[in-house]
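# Descriptive structure summary
One letter stands for each residue in the lines below.
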Amino acid sequence: MFEYERTDECLTLRRPGTRWLSNGFDGGYATAPAAHNLTVPEGFERTDLATYAAERLGSPPEGPTLLTGVRQTNARGARYGPVEAVVTAGLSNPALLPAGDDSHSTDTRGDADADASPDDAFRPGTVNVLVGSAEPLSEGGLAGLLATVVEAKAATLVDLVGPTGTTSDAVAVGCPSAEAGAPFAGSATTVGNAARVCVRDALAAALEARYDGDLPDPRGAEHATVTSGEATPFTP
C-alpha cells in the first residue's frame, strides 16, 4: 500500500492522496502524500520541531512527522487485510500506570535519554506507530482508527513489558482521501481488527529488533515516569 524510503535516520511512507490524522508535534488532520519518522541525536533538546524536521528532510515535511531516538534500521512492519503498520520502539522513558495511587517521583525527560542498561549504552526510547488503511474512512472513522491503534499499542506493551507506553509516544494513521468513508474503525470492524493485529505484531517485532530479544524491565528504567495521584470518583 505504501512505498518506503529508509536510511538509518529517516523512514518515509509514501502514498499520494492520503488523509492523515496524527498526535505528533504537527498533529491534526492533513491530506499529504507522505509521512515521516525521524531519528534525533543523543541529547536532543530543540523545541522548534517543524524547523528541525525541514532541516533534516531538506524541505518542509510532506506530511505528519514523528520523532524518536530509535534508529530506523530497527523499524518493523506488518500487513493484514486492508491495513499496514510500521513501528519503531524504545523503552528508555516508560510511562507506568499503577492500579492505585503511587507516590514514586517522576522524571519526564524526553526520548533521547539513555536506558538503564548493564553496559550503560545509549538506549533511546519512544514508541512511534504509523498505520495505513486501504479503506477510506470519514474523519470520525480516522479518529476511531487512531484510538484503536493507541489501544493496541498499550495492550501489547502491557502484555510484553508492563508500561502502557513511553512519555513521548506518537501515532499517525492514514487512509485514502475520499468524499465518503466508513464512520467507524473500532475493534469489531474489519479495519479496526486488522489494525490491532498489525500493531501488535509490528510492535513485537520492533522491540525484538531494538533489544535483540532481551527485553528490558521498564520498571527499573532511570527515566521512568510513574503516574501518581488519586482522583475522587463521582456519579454524574
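These remarks concern the structure in this document. (Residues numbered from 1 in each chain as written. Predicted model: local features only at pLDDT ≥ 70, side-chain atom pairs only at ≥ 80, totals over all residues. Heavy atoms only, no water.)

### Looking at the overall build of the protein chain
In terms of helices and strands, the protein chain carries three helices and 11 strands. When the elements of the protein chain are put in sequence order from the N terminus, they spell out β-β-β-α-β-β-β-β-β-α-β-β-α-β. Expressed as a percentage of the 236 residues in the protein chain, the buried residues total 47%. (Helix = DSSP H or I, 4+ residues; strand = E, 2+ residues; numbered from the N terminus. Buried < 20%, exposed > 50% of the residue type's maximum accessible area, 1.4 Å probe, protein only.)

### Concerning the side chain of Asn37
The topology assignment puts Asn37 in strand S3 (residues 28-39). Engagement of the side chain of Asn37 in a polar contact is seen with the side chain of Asn128, the distance being 2.9 Å. Those residues in contact with Asn37 that sit more than four places away from it in its chain are Glu9, Cys10, Leu11, Leu66, Leu67, Thr68, Gln72, Thr88, Asn128 and Leu130. (Polar contact = N/O pair within 3.5 Å; in protein donor to acceptor, adjacent residues only side chain to side chain. Contact = heavy atoms within 4.5 Å.)

### Side note on the pattern of salt bridges
Under the criterion given, the structure shown has 11 salt bridges. Salt-bridge contacts for Glu62 lead to Arg14; the nearest nitrogen and oxygen are separated by 2.7 Å. Taken together, the positions of Glu62 in the loop between helix H1 (49-57) and strand S4 (65-68) and Arg14 in strand S2 (residues 10-22) put the pair 48 residues apart, joining distant regions of the chain. Taking the relative accessible area as the measure of exposure, Arg14 reaches 23% and is therefore partly exposed. The salt bridge involving Asp201 is made with Arg200; its shortest N-O contact spans 2.8 Å. Residues joined in a network through salt bridges with shared partners are Glu5, Arg14 and Glu62. (Salt bridge = Lys/Arg side-chain N within 4 Å of Asp/Glu carboxyl O.)

### Quick notes on the pairing of strand S10 (residues 170-176)
Of all seven residues in S10, six are buried, a share of seventy percent or more. Bridge count for S2 against S10 is five bridges, and the pairing is antiparallel. Residue pairing for S10: Arg19 is matched across the bridge by Cys175. The sheet contact formed by strand S8 (residues 126-133) and S10 spans five bridges and is parallel. In the strand pairing of S10, Val131 is matched with Val173. (Pairing = 2+ DSSP bridges.)

### Brief notes about the sheet that holds strand S11 (residues 225-226)
Read from one edge of the open sheet, three strands run S9-S7-S11, paired in mixed fashion. The sheet terminates laterally at strand S9 (165-166) and S11, the two strands that pair on one side only. Across two bridges, strand S7 (residues 94-96) lies against S11 in parallel orientation. Residue pairing in the sheet places Ala95 in a bridge with Thr225 of S11.

### Some words on helix H3 (residues 190-211)
Between the first and last C-alpha of H3 there are 32 Å, a value that for 22 residues agrees with the 32 Å anticipated at 1.5 Å per step. Immediately downstream of H3, the backbone of Asp212 shows phi near 55°, a positive value. (Expected span 1.5 Å × (residues − 1).)

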